[in-house]
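# Residue-level structure breakdown
One-letter residues, chain by chain:
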Amino acid sequence: MKEFPVRDIPHDSYFTRNTYLDKGFVITAPEMPFIMDYSVMLEKWSFKTIYSDGEAGRDYVMDNDEIAYTVGSKFLHQSDNDKIEKAEEFYTGFLYYMENMFMRITVSEEYDQKAITEKIKEIVEYIREDRRFLIRILKNNEPAEGKNYLATHSVRSTILSIVIGSFLKLPPYRLIELGIAAVLHEVGMLKLPSQIYLSYRPLDAKEQKAILTHPILGYTMLKTNNFPLAVCLATLEHHERENGTGYPRKLSGDKISLYSKIIAVACSYEALSSSRPHKEAKDGYTGMLELLKNEGKQYDDTVIKALVLSLSIYPIGLYVLLSNGKKGQVVDVNPENPRFPIVQVFGEYTPDGRIKTVQTAQEALSIARPLSRMEIDT
């Protein structure tokens, strides 16, 4: 990709291809102008450069690849592509919101409960409409190295928590409450020195002890600011474990609130399947198997089952090698059996020009193994 200095990009110009931040997060799609607010936001967060395979111009114009795609491929899976791009845009906007919210809390302990609630309502509605597209892009938007992975973790954990809560048929008001708790579950970290919670080095014993205080700090911060008790308790208890080995109070079983149980599973899966300082990401399948093992019975079985049935054992978004040697991507769950999800097969098309989608099965086409992004690109 080519680099474009932010200060040199004309306001309200259009790029012929997507623009990206740190080669990971989408900023604009071709039909979206690069407005002044983007420049202000990027400079505020010390991003001097963006990336794109396209060029900037005054008007929106399809490039040759898009024209060929449109004319030659009978609008090949255009609807899916549109939804994926919208999901990327939504995810990027949510992350930007989280970074700004954390900054306000760090600087002035400013909480706007009404604004947070409205944001969560928006997220709940988006997940209800386009859950599978949002989940698909989670794995393709790994936390950018050197950036605030606390905000990224909170965004991804919130999405997964609401997906789980939706599967458990929580009523709308409880989904919103769960989402608020998930967004704020790590807020206590912001009371610690940033060199501790953003550290890319091993922490010493004193620093590790400090990290263990963040659930109590978060609970106190939210209770002082009159958040609902259920939200405060979820912040306090999200590191408690079913077998009583968690912290800070070593609660077990039914003594742990439902929101805390959901956030615990969402956080653990997110941590297993995302890169962190000093830790390589596991693929979604391996991460899911680790959770299913539930060693020591740390997590609530009902919540784990809800995650598996929402994402499948080969989670939505995972690249896979099929038993016929073809490559593909998991795009939806099979409600009958989470071991055999629905897969888009790369290089195979339906008569109307769409990428072929198949239901995997034990006695027919099945998944041989997960693939890395590098294996897909080569």
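The structure under discussion appears in the preceding block.
Figured I'd write up the structure that's included with this text. (Residues numbered from 1 in each chain as written. Predicted model: local features only at pLDDT ≥ 70, side-chain atom pairs only at ≥ 80, totals over all residues. Heavy atoms only, no water.)

### Concerning the overall build of the chain
The following threshold applies: By the criteria applied, helices consist of DSSP H or I runs no shorter than four residues and strands consist of E runs no shorter than two, each listed in order from the N terminus. The buried label applies to any residue whose accessible area, calculated with a 1.4 Å probe on protein chains only, is under 20% of its type's maximum; exposed applies above 50%, and partly exposed to all values in between. Only heavy atoms enter the contact rule, under which two residues are in contact if any of them lie within 4.5 Å. In these tables, accessible area is a Shrake-Rupley quantity obtained with a 1.4 Å probe, and a residue counts as shielded only by the protein chains included in the view.
Each helix and strand in the chain was counted, giving 14 helices and 11 strands. Across the 378 residues that make up the chain, the buried fraction comes to 50%. Contacts spanning at least 24 positions in sequence make up 62% of the contacts within the chain whose residues lie at least 6 apart. Surface exposure of the chain reaches about 18300 Å², of which carbon and sulfur atoms provide 53%.

### Quick notes on the packing of helix 11 (residues 258-272) against helix 12 (residues 284-293)
We count it as follows: Note on geometry: axes are lines fitted to C-alpha atoms, helical ones only across the stretch in contact, with angles between N-to-C directions running from 0 to 180 degrees. For classification purposes, an angle smaller than 35 degrees is called roughly parallel, one larger than 145 roughly antiparallel, one from 65 to 115 roughly perpendicular, and anything else oblique. Two helices cross in a left-handed way if the nearer one is turned anticlockwise from the farther one by less than a right angle. They cross in a right-handed way if the turn is clockwise. Residue polarity is assigned by list, with Asp, Glu, Lys and Arg as charged and Ala, Val, Leu, Ile, Met, Phe, Trp, Tyr, Cys and Pro as nonpolar; anything else, Gly included, falls into the polar class.
One way to put it is that helix 11 packs onto helix 12 with a least axis distance of 9 Å and a crossing angle of 140°. The orientation of helix 11 relative to helix 12 falls into the category oblique. The two elements helix 11 and helix 12 meet at a crossing, and its hand is right-handed. When helix 11 is examined against helix 12, the residues Val265, Ser268, Tyr269 and Leu272 are found in contact with a partner set consisting of Gly284, Gly287, Met288, Glu290 and Leu291. Its residues placed into classes, the contact of helix 11 with helix 12 shows 5 nonpolar, 3 polar and 1 charged.

### Here we look at the environment of leucine 184
Relative to the helices and strands, leucine 184 is located in helix 6 (residues 172-184). In this structure leucine 184 comes out as buried when scored by relative accessible area, which is 0%. Residues leucine 184 and isoleucine 116 lie 68 residues apart in sequence; the distance between their C-alpha atoms is 9.6 Å. Residues contacting leucine 184, with those up to four places away along its chain left out, are Met101, Ile105, Ile116, Leu222, Phe227 and Thr235.

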